[in-house]
Amino acid sequence: MIAMNTDNSVETEAAPSRAWGVAALVRALADALSARFNPITVRGEITGFSRATSGHCYFTLKDTEPGADSAISCAMFRRTAGLIDFAPKNGDVVELRGRVAVYEARGSLQLVAEHLQKVQTSQGQLWARFEQLKAQLAAEGLFDAALKRPIPRFVRCVAVVTSRQAAALQDVLTALARRAPHVQVLVFPCAV
């Protein structure tokens, strides 16, 4: 509200702020994104591919550009999955045509695939690097079953590699203190 003072100065009164309900905010964001970006085509590499018993497929698209590490969750419903001409797998570089959506139950951003097309026939760069590292570690004998030691029946010491501020660390420490107070815990801090 704007009021004029007797000395001709203007005084404004802040309007009361509107408190959004979570569902209303998520719906409004979904509408804004849908209006701005749909339909959309995105190129990326498939990771974490899974097919649910319902026939729906879920995966993540990662950047294929060197040095870029962005990712976005994707869903492809059974009808669309039945129409594509290849079996998607981790490492495939694809072009996804679809729409930006917000999964309202979690308020998370995702792409909903309406068409999926393979861009290259060889496996993607990320998957190739993963396989290369796996082969290197196997050559060093790190996966050799003969070198593995059996897990002790009664553990005396546990090492945890994580950030000191991680909530998961507190969960581990609390659970160990409650279930196995005799176990020594070593924390090795690192960036996560």
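Residues numbered from 1 in each chain as written. Predicted model: local features only at pLDDT ≥ 70, side-chain atom pairs only at ≥ 80, totals over all residues. Heavy atoms only, no water.

## What to know about the overall build of the chain
Reasoning step 1: From N to C terminus, the chain includes 4 helices and 9 strands.
Reasoning step 2: When the accessible area of the chain is evaluated, it comes to approximately 14200 Å², of which 56% is carbon and sulfur surface. (Helix = DSSP H or I, 4+ residues; strand = E, 2+ residues; numbered from the N terminus. Areas by Shrake-Rupley, 256 points an atom, 1.4 Å probe, with all protein chains shown as cover.)

## What to know about the sheet that holds strand β4 (residues 57–62)
Reasoning step 1: In spatial order, the strands read β3-β4-β5-β7-β6; together these 5 strands close into a barrel with mixed pairing. Each strand axis lies, on average, 55° off the axis of its neighbour in the sheet, ignoring direction.
Reasoning step 2: Pairing analysis gives 5 bridges linking strand β3 (residues 40–51) to β4, with the strands arranged antiparallel. When the sheet's bridge partners are listed, Ser50 is paired in β4 with Tyr58.
Reasoning step 3: Where helix α1 (residues 22–37) meets the sheet, its contacts fall on β3, β6 (93–103) and β7 (108–118), and the angle it forms with β6 comes to roughly 145°. (Pairing = 2+ DSSP bridges. Axes fitted to C-alpha atoms, helices over the stretch in contact; angles between N-to-C directions. Contact = heavy atoms within 4.5 Å.)

## Here's the deal with the pattern of salt bridges
Side chains that differ in sign of charge can pair as their charged atoms come close.
Reasoning step 1: For the structure on display, the rule yields 5 salt bridges.
Reasoning step 2: What you see here is one network of salt bridges that share partners, running through Lys89, Asp92 and Lys118. (Salt bridge = Lys/Arg side-chain N within 4 Å of Asp/Glu carboxyl O.)

## Description of a nonpolar patch on the surface
Reasoning step 1: Together, Trp20, Leu25 and Leu29 make up an exposed nonpolar region whose accessible area comes to about 290 Å².
Reasoning step 2: Considering the arrangement of structural elements, one finds Leu29 in helix α1. (Patch = residues over 30% accessible without salt bridge, like charges linked within 9 Å, V, L, I, M, F, W, Y side chains within 5 Å.)

## Some thoughts on the environment of Ala87
Reasoning step 1: In this fold, Ala87 is placed in the loop between α2 (78–83) and β6.
Reasoning step 2: Considering only alpha carbons, one finds Ala87 and Lys118, 31 residues apart in sequence, at a separation of 9.6 Å.

This is a description of form; function is not addressed.
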